[in-house]
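Listed below, chain by chain, are the residues.
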Amino acid sequence: MTKLFRVYDLEKKKWVSDSAFISDNGDLYIAKKTLFGTKLELASELRYLAHHSSGYQDCNGVTIMEGDICETKLDGDVVIDKGLVIFSDEFGVFIFLNPSDNTFAILSLELAEFLKVVGNVIDDPDVFPYKEEEVAE
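Residues numbered from 1 in each chain as written. Predicted model: local features only at pLDDT ≥ 70, side-chain atom pairs only at ≥ 80, totals over all residues. Heavy atoms only, no water.

## Considering the side chain of S88
Part 1 of the argument: Relative to the helices and strands, S88 is located in strand β9 (residues 79-88).
Part 2 of the argument: A distance of 3.2 Å separates a polar side-chain atom of S88 from the backbone nitrogen of F91.
Part 3 of the argument: If we skip the residues at most four places from it in the chain, S88 touches V93 and I95. (Helix = DSSP H or I, 4+ residues; strand = E, 2+ residues; numbered from the N terminus. Polar contact = N/O pair within 3.5 Å; in protein donor to acceptor, adjacent residues only side chain to side chain. Contact = heavy atoms within 4.5 Å.)

## Description of the pattern of salt bridges
A side chain with one charge may pair with a side chain of the opposite charge, provided their charged atoms come close.
Part 1 of the argument: Going through the model one piece at a time under the given rule, you end up with three salt bridges.
Part 2 of the argument: When the shortest N-O distance is used, the salt bridge between D68 and R6 registers 2.7 Å. Here R6 lies in strand β1 (residues 5-9) and D68 lies in strand β8 (residues 68-73), a separation of 62 residues in the sequence. Here the two residues D68 and R6 agree in accessibility, since each one is buried.
Part 3 of the argument: Where R47 meets D9, a salt bridge forms, and the shortest distance between an N and an O atom there is 2.8 Å. (Salt bridge = Lys/Arg side-chain N within 4 Å of Asp/Glu carboxyl O. Buried < 20%, exposed > 50% of the residue type's maximum accessible area, 1.4 Å probe, protein only.)

## Comments concerning unusual backbone geometry
Part 1 of the argument: The phi dihedral of K13 falls on the positive side, at around 60 degrees, and the residue is not glycine.
Part 2 of the argument: Secondary-structure assignment places K13 in the loop between β1 and β2 (14-16).

## Description of the sheet that holds strand β7 (residues 63-65)
Part 1 of the argument: Taken in spatial order, the four strands make up an open sheet running β2-β1-β6-β7, and their pairing is antiparallel. Each of the sheet's edge strands pairs with one partner strand only, and the pair in question is β2 and β7. Pairs of neighbouring strands in the sheet enclose a mean axial angle of 35 degrees, with direction left out of account.
Part 2 of the argument: Pairing geometry for β1 and β2, over three bridges, is antiparallel. Paired with V7 across the two strands is V16, which belongs to β2. (Pairing = 2+ DSSP bridges. Axes fitted to C-alpha atoms, helices over the stretch in contact; angles between N-to-C directions.)

## Quick word on the environment of S54
Part 1 of the argument: Relative to the assigned elements, S54 resides in strand β6 (residues 48-57).
Part 2 of the argument: Along the backbone, S54 and K3 are 51 residues apart, and their C-alpha atoms lie at a distance of 9.8 Å.
Part 3 of the argument: Setting aside residues up to four positions removed in sequence, S54 forms contacts with I64, M65, F94 and L107.
Part 4 of the argument: Polar contacts involving the side chain of S54 include one to the main-chain amide nitrogen of Y56, which spans 3.1 Å.
Part 5 of the argument: A polar contact of 2.7 Å, which involves the side chain of S54, links it to the backbone oxygen of I64.

## Thoughts on the nonpolar core
Part 1 of the argument: In this structure, I64, C70, V85, F94, F96, L107, L111, A112, L115 and V117 together form the largest nonpolar core, which totals ten residues.
Part 2 of the argument: At the level of secondary structure, the elements contributing two or more residues to this core comprise β10 (93-98), α1 (109-112) and β12 (115-120).
Part 3 of the argument: Not counting the four nearest positions on each side in its chain, L107 is found in contact with S54, Y56, I64, V85, F94, I95 and L115. (Core = buried A, V, L, I, M, F, W, Y, C linked by side-chain atoms within 4.5 Å.)

## What about the layout of surface pockets?
Part 1 of the argument: Volume-wise, the second largest pocket comes out at about 270 Å³.
Part 2 of the argument: If you trace the second largest pocket, you find 15 residues lining it, with K12, V16, S19, I30 and A31 closest to the centre.
Part 3 of the argument: Sorting the residues of the lining of the second largest pocket by element identifies β2 and β4 (28-34) as the ones contributing at least two each.
Part 4 of the argument: If one sorts the elements of the lining of the second largest pocket by residue count, β4 sits on top with four residues.
Part 5 of the argument: Taken together, the residues of the lining of the second largest pocket sort by class into five nonpolar, three polar and seven charged. (1 Å grid on protein atoms, 1.4 Å probe; cavity = no way out; pocket = protein on both sides within 12 Å on 5 of 7 lines; lining within 4 Å. Points joined across faces, edges and corners; volume = space filled by probe spheres on them. Nonpolar A, V, L, I, M, F, W, Y, C, P; charged D, E, K, R; others polar.)

Structure representation (structure tokens):
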């Protein structure tokens, strides 16, 4: 089954496992264990960061998610460049940012075949350092 999203707890500095849910309207809920069972609480956007699935898989069959750092490859193992996958609210699509030449491409099935996920901005911040303000531009 394809992973639809992943959630990071900024306060505890760890990924949330099997206790996060996204409602139909996009609200994020975290399941909290209580004395009488489990309760869903609306998650704070200041505490939790959700990365959504792009719906595409890289050349190794790994689901490409928001925040993933990917290498672009040609035939074989020749690495051409490294970039970042983000969701563009303006265009309503996932895009692959290429910082070396300051370009981007809309993520597609054809492009995904040439990408290899090598990390993400949370677990591997040094692989592809960026500032959120620069990405927003």
